[in-house]
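Now for the letters of each chain:
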Amino acid sequence: MLDFEIYGDNPAGHHLTSVLIHTAGSLLLFLVLLKMTKALWPSVFVAAVFALHPLHVESVAWAAERKDVLSGFFG
């Protein structure tokens, strides 16, 4: 509902929010992997691969699939 209050009917804003949440989730993945393994470059590689090709691409591409992006972020 907050997205609709900010962007209205403009779909680009809703997609932007999904991409920003996915980016934040990718950064969190990098930080978690770095803390768990203490290996910088393997953590960067895994987080970059996830950022470029998430498990469910349609979750980032479709505005209606926000629940998957949010569960990945908060998971």
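Let me sum up the structure you'll find in this document. In this text the structure is predicted, and so the values were computed from the model without any measurement.

### Observations regarding helix α2 (residues 11-37)
- The end-to-end C-alpha distance of α2, which contains 27 residues, comes to 39 Å, matching closely the 39 Å that a straight helix rising 1.5 Å per residue would cover.
- Within α2, the full set of buried residues consists of G13, H14, T17, S18, I21, H22, G25, S26, F30 and L33.
- Against α1 (2-7), α3 (40-52), α4 (57-61) and α5 (66-74) lie the buried residues of α2.
- By the N-cap criterion, in which a side-chain oxygen at the helix start approaches the backbone nitrogen of a residue two or three places on, α2 is capped by N10, the distance to A12 being 3.2 Å.

### What about the packing of α2 against α5?
- With their axes 9 Å apart at the nearest point, α2 and α5 run at an angle of 25° to one another. Judged by the angle between their axes, α2 and α5 are roughly parallel. Relative to α5, the crossing made by α2 is left-handed. Note on element contacts: α5 touches α2 through R66, V69, L70 and F73, opposite H14, T17, S18, I21, H22, A24, G25 and L28.
- Residue composition of the contact of α2 with α5, grouped by class: six nonpolar, five polar and one charged.

### What about the pattern of salt bridges?
- Inspection of every chain in the model, using the stated rule, returns one salt bridge.
- With its nearest N and O atoms 2.7 Å apart, the salt bridge here joins D3 to R66. Of this pair, D3 sits in helix α1 while R66 sits in helix α5, and the two are 63 residues apart along the sequence.
- When its relative accessible area of 16% is taken as the criterion, R66 is described as buried.

### Quick look at the side chain of R66
- Among the polar contacts listed, one links the side chain of R66 to the side chain of D3, at a separation of 2.7 Å.
- The contact partners of R66, leaving out residues within four places of it in the chain, are D3, H14, T17, S18 and I21.

### Overview of the packing of α2 against α3
- In contact at an axis separation of 9 Å, α2 and α3 are set at 155° when each is read in the N-to-C sense. Judged by the inter-axis angle, α2 sits roughly antiparallel to α3. Between α2 and α3 the crossing geometry is right-handed. Of α3, the residues touching α2 (which contributes H22, S26, L29, F30, L33, L34 and T37) are L40, S43, V44, V46, A47, F50 and A51.

Procedures and definitions
- Residues numbered from 1 in each chain as written.
- Predicted model: local features only at pLDDT ≥ 70, side-chain atom pairs only at ≥ 80, totals over all residues.
- Heavy atoms only, no water.
- Helix = DSSP H or I, 4+ residues; strand = E, 2+ residues; numbered from the N terminus.
- Expected span 1.5 Å × (residues − 1).
- Buried < 20%, exposed > 50% of the residue type's maximum accessible area, 1.4 Å probe, protein only.
- Contact = heavy atoms within 4.5 Å.
- Polar contact = N/O pair within 3.5 Å; in protein donor to acceptor, adjacent residues only side chain to side chain.
- Axes fitted to C-alpha atoms, helices over the stretch in contact; angles between N-to-C directions.
- Parallel < 35°, antiparallel > 145°, perpendicular 65-115°, else oblique.
- Left-handed = near helix turned anticlockwise from the far one by under 90°.
- Nonpolar A, V, L, I, M, F, W, Y, C, P; charged D, E, K, R; others polar.
- Salt bridge = Lys/Arg side-chain N within 4 Å of Asp/Glu carboxyl O.

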